[in-house]
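Okay, here's what each chain looks like letter by letter:
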Amino acid sequence: MDNGLTFSEKFTDMINSPESYYPAAKILQPTTIDMNLMRDIPEFKVPVYILQGDNDHFTETSVAKMYFDSIRAPSKKWFLFENGTHGVQVEYPEK
């Protein structure tokens, strides 16, 4: 489900948050706002593993899956975590 915010709005909210957990966001924002991964990074020379929460509304699951399906890599694997959000590596460390 989409929360209605654009990527730029999500990034701006994250940067301006007083409790920002993403100090690198201010450095990354100028590059990432205009980036289109399907266009700009269609291929990897290394294996690709994407861990995605099905309730991630920062990186929309449907868009992440579309990108995953489009990339070329020596091998790739998609891991979808039920009830996971943007931090599945923290939410499900045992998996």
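Residues numbered from 1 in each chain as written. Predicted model: local features only at pLDDT ≥ 70, side-chain atom pairs only at ≥ 80, totals over all residues. Heavy atoms only, no water.

**As for the nonpolar core**
Val48, Ile50, Ala64, Tyr67, Phe68, Ile71 and Trp78 together form the largest nonpolar core, which totals seven residues. Contacts of Trp78, omitting those with residues within four sequence positions, involve Ile50, Gln52, Thr61, Ala64, Lys65 and Phe68. (Core = buried A, V, L, I, M, F, W, Y, C linked by side-chain atoms within 4.5 Å. Buried < 20%, exposed > 50% of the residue type's maximum accessible area, 1.4 Å probe, protein only. Contact = heavy atoms within 4.5 Å.)

**Some remarks on the pattern of salt bridges**
All chains considered together, the criterion is met by four salt bridges. For Asp40, the salt bridge is made with Arg39, and the minimal N-O distance between the two is 2.6 Å. On the accessibility criterion, Asp40 (37% relative accessible area) is partly exposed. Here Lys45 and Glu43 are joined by a salt bridge, their closest N and O atoms 3.8 Å apart. (Salt bridge = Lys/Arg side-chain N within 4 Å of Asp/Glu carboxyl O.)

**Regarding the pairing of strand S1 (residues 48-53)**
Bridge count for S1 against strand S2 (residues 76-81) is six bridges, and the pairing is parallel. Directly across from Leu51, in S2, lies its bridge partner Phe79. Taken together, S1, helix H4 (residues 61-70) and S2 constitute a β-α-β crossover, and its handedness is right-handed. (Pairing = 2+ DSSP bridges. Helix = DSSP H or I, 4+ residues; strand = E, 2+ residues; numbered from the N terminus. Right-handed = clockwise from strand over helix to strand, strands pointing away.)

**Notes on the packing of aromatic side chains**
Scanning the model with the defined rule gives two aromatic pairs in all. Between Phe68 and Trp78, the ring centres sit 5.5 Å apart and the planes meet at 45 degrees, which makes this aromatic pair tilted. A residue pair is termed long-range when its members are at least 10 positions apart, and Phe68 in helix H4 and Trp78 in strand S2 qualify at ten residues. Note that Lys65 overlies the ring of Trp78, its terminal NZ or CZ placed 5.6 Å from the centroid. Just above the ring of Phe68 sits the side chain of Lys76; from NZ or CZ to the centre is 4.8 Å. (Phe/Tyr/Trp six-rings, centres within 6.5 Å; stacked < 30°, edge-to-face > 60°. Lys NZ or Arg CZ within 6 Å of the ring centre and 35° of its normal.)

**What to know about a nonpolar patch on the surface**
Where nonpolar side chains cluster on the molecular surface, the patch consists of Met38, Val63 and Met66 and spans about 260 Å² of accessible area. Relative to the helices and strands, Met66 resides in helix H4. (Patch = residues over 30% accessible without salt bridge, like charges linked within 9 Å, V, L, I, M, F, W, Y side chains within 5 Å. Areas by Shrake-Rupley, 256 points an atom, 1.4 Å probe, with all protein chains shown as cover.)

**Regarding the environment of Val46**
Structurally, Val46 is set in the loop between helix H3 (37-40) and S1. Val46 sits 27 residues away from Ala73 along the chain, and the two C-alpha atoms are 6.3 Å apart. Residues in contact with Val46, not counting those within four places in the same chain, are Ala73, Pro74 and Ser75.

**Quick look at H4**
Residues Thr61, Ala64, Tyr67 and Phe68 constitute the buried set of H4. For H4, the arc enclosing every buried residue in end-on projection is 125 degrees, short of the 170-degree limit, so these residues lie on one face. Where H4 is buried, its residues contact H3, S1 and S2. (Arc of directions from axis to C-beta.)

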